Amino acid sequence: MTDSGIRCACFTGHRQIPYAQGRPVVQALRQEITHAAGTGITRFYAGGALGFDTLAALTVLEMRKTMPQLELHTVIPFAGQDIRWPAEDRELYRYILERADHVEVLHQRYADGCYHERNRYMVDHSELCIAYLRRRSGGTFYTCRYAQRQGCPVHNLAE
């Protein structure tokens, strides 16, 4: 819970989601967000990365049409993180940022450890971590392990 009393959850997941998993992941996201909202969680943190972060952010934005209490907060590790992305990914990224309720940029340029810092920031401001974790390595694994160590439950949609 934040200092303002708003209850929060964060997303973490892999950048690559198998094509066949796309639709089931979105369905699971909708169910998880609906369930979280039913418990009073209304603010959702997404890290602005490709893959699961993008799906999660788009799902929150879509669900706001029928659940206007939902907030999307994006936490960006550094300004310009999308500079080397393909044009269509940059366009989708900007679409999300323009519609987010708040955008937090942690660094003006790339800094060592900024991705882990972003992930810790989101977990530290959340009481639930909604994940798409399929392997025991990398940033998503690190974030889920960090969340568990902080007492933040992890709901893994890949299980």
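Residues numbered from 1 in each chain as written. Predicted model: local features only at pLDDT ≥ 70, side-chain atom pairs only at ≥ 80, totals over all residues. Heavy atoms only, no water.

S.K.: It is not clear to me how the packing of aromatic side chains should be interpreted in this structure. Could you clarify?
M.R.: Here a ring pair, both rings aromatic, is described through the centre-centre distance and the interplanar angle of the planes. In the structure shown here, the tally under the stated rule is nine aromatic pairs. Ring centres of phenylalanine 52 and tyrosine 132 lie 5.9 Å apart, and the angle between their planes is 20°; on these two criteria the pair is classed as stacked. Residue phenylalanine 52 is located in helix H2 (residues 52–63), and its partner tyrosine 132 is located in strand S5 (residues 128–132); the two are separated by 80 residues in the primary sequence. Residue phenylalanine 52 is classed as buried on the basis of its relative accessible area of 0%. A cation sits over an aromatic face here: arginine 15 above tyrosine 115, 5.8 Å from the ring centre. (Phe/Tyr/Trp six-rings, centres within 6.5 Å; stacked < 30°, edge-to-face > 60°. Helix = DSSP H or I, 4+ residues; strand = E, 2+ residues; numbered from the N terminus. Buried < 20%, exposed > 50% of the residue type's maximum accessible area, 1.4 Å probe, protein only. Lys NZ or Arg CZ within 6 Å of the ring centre and 35° of its normal.)

S.K.: How should I be thinking about the pattern of salt bridges in this particular structure?
M.R.: Working definition: two side chains of opposite charge can pair if their charged atoms are close together. Inspection of every chain in the model, using the stated rule, returns six salt bridges. In this structure, glutamate 71 and arginine 43 form a salt bridge, with 2.8 Å as the shortest nitrogen-oxygen distance. Taken together, the residues glutamate 71 in strand S3 (residues 71–76) and arginine 43 in strand S2 (residues 41–46) connect sequence positions 28 residues apart. For arginine 43, a relative accessible area of 13% translates into the label buried. For arginine 64, the salt bridge identified is with aspartate 101, shortest N-O distance 2.6 Å. Here the residue arginine 64 occupies a position in the loop between H2 and S3, and aspartate 101 occupies one in the loop between helix H3 (87–99) and strand S4 (102–105), the gap between them amounting to 37 residues. (Salt bridge = Lys/Arg side-chain N within 4 Å of Asp/Glu carboxyl O.)

S.K.: Quick question: what am I supposed to make of the environment of arginine 84 here?
M.R.: Among the structural elements, arginine 84 can be located in the loop between S3 and H3. Residues arginine 84 and glutamate 62, spaced 22 residues apart in sequence, show a C-alpha to C-alpha distance of 27 Å.

S.K.: Could you clarify how one ought to interpret the side chain of aspartate 82 in this entry?
M.R.: Secondary-structure assignment places aspartate 82 in the loop between S3 and H3. Among residues more than four places away in sequence, those in contact with aspartate 82 are Arg90, Tyr93 and Arg94. (Contact = heavy atoms within 4.5 Å.)

S.K.: What is the right way to read the state of the cysteines from this model?
M.R.: In a disulfide, the sulfur atoms of two cysteines are covalently bonded to one another. Following the criterion strictly, the structure yields zero disulfides and no others. With no disulfide of its own, cysteine 152 has cysteine 10 as its nearest cysteine by sulfur position, at a separation of 5.4 Å. (Disulfide = S-S within 2.5 Å.)

S.K.: Please clarify how the nonpolar core should be interpreted in this entry.
M.R.: Nonpolar side chains tend to gather and get buried jointly when the protein is soluble and globular. One finds Phe11, Leu29, Phe44, Phe52, Leu70, Leu72 and Ile130 to be the most contacted residues of the largest nonpolar core, which totals 27 residues. Of all the elements in the fold, those that place two or more residues in this core are strand S1 (7–13), helix H1 (22–38), S2, H2 and S5. Not counting residues up to four positions away in its chain, the partners in contact with leucine 29 are Phe11, Phe52, Leu55, Ala56, Thr59, Ile130 and Leu157. Within the second largest apolar cluster, 11 residues are counted, among which are Cys10, Leu106, Val123 and Ala147. (Core = buried A, V, L, I, M, F, W, Y, C linked by side-chain atoms within 4.5 Å.)

S.K.: Which parts of the structure should I look at to understand the packing of H2 against H3?
M.R.: At a closest axis distance of 11 Å, the pairing of H2 and H3 adopts a crossing angle of 45°. Judged by the angle between their axes, H2 and H3 are oblique. Considering the relative orientation of H2 and H3, their crossing is left-handed. Seen from H2, the contacting residues are Thr54, Ala57, Leu58 and Leu61; seen from H3, they are Leu92, Tyr95, Ile96 and Arg99. Of the residues assigned to the contact of H2 with H3, the class counts are six nonpolar, one polar and one charged. (Axes fitted to C-alpha atoms, helices over the stretch in contact; angles between N-to-C directions. Parallel < 35°, antiparallel > 145°, perpendicular 65-115°, else oblique. Left-handed = near helix turned anticlockwise from the far one by under 90°. Nonpolar A, V, L, I, M, F, W, Y, C, P; charged D, E, K, R; others polar.)

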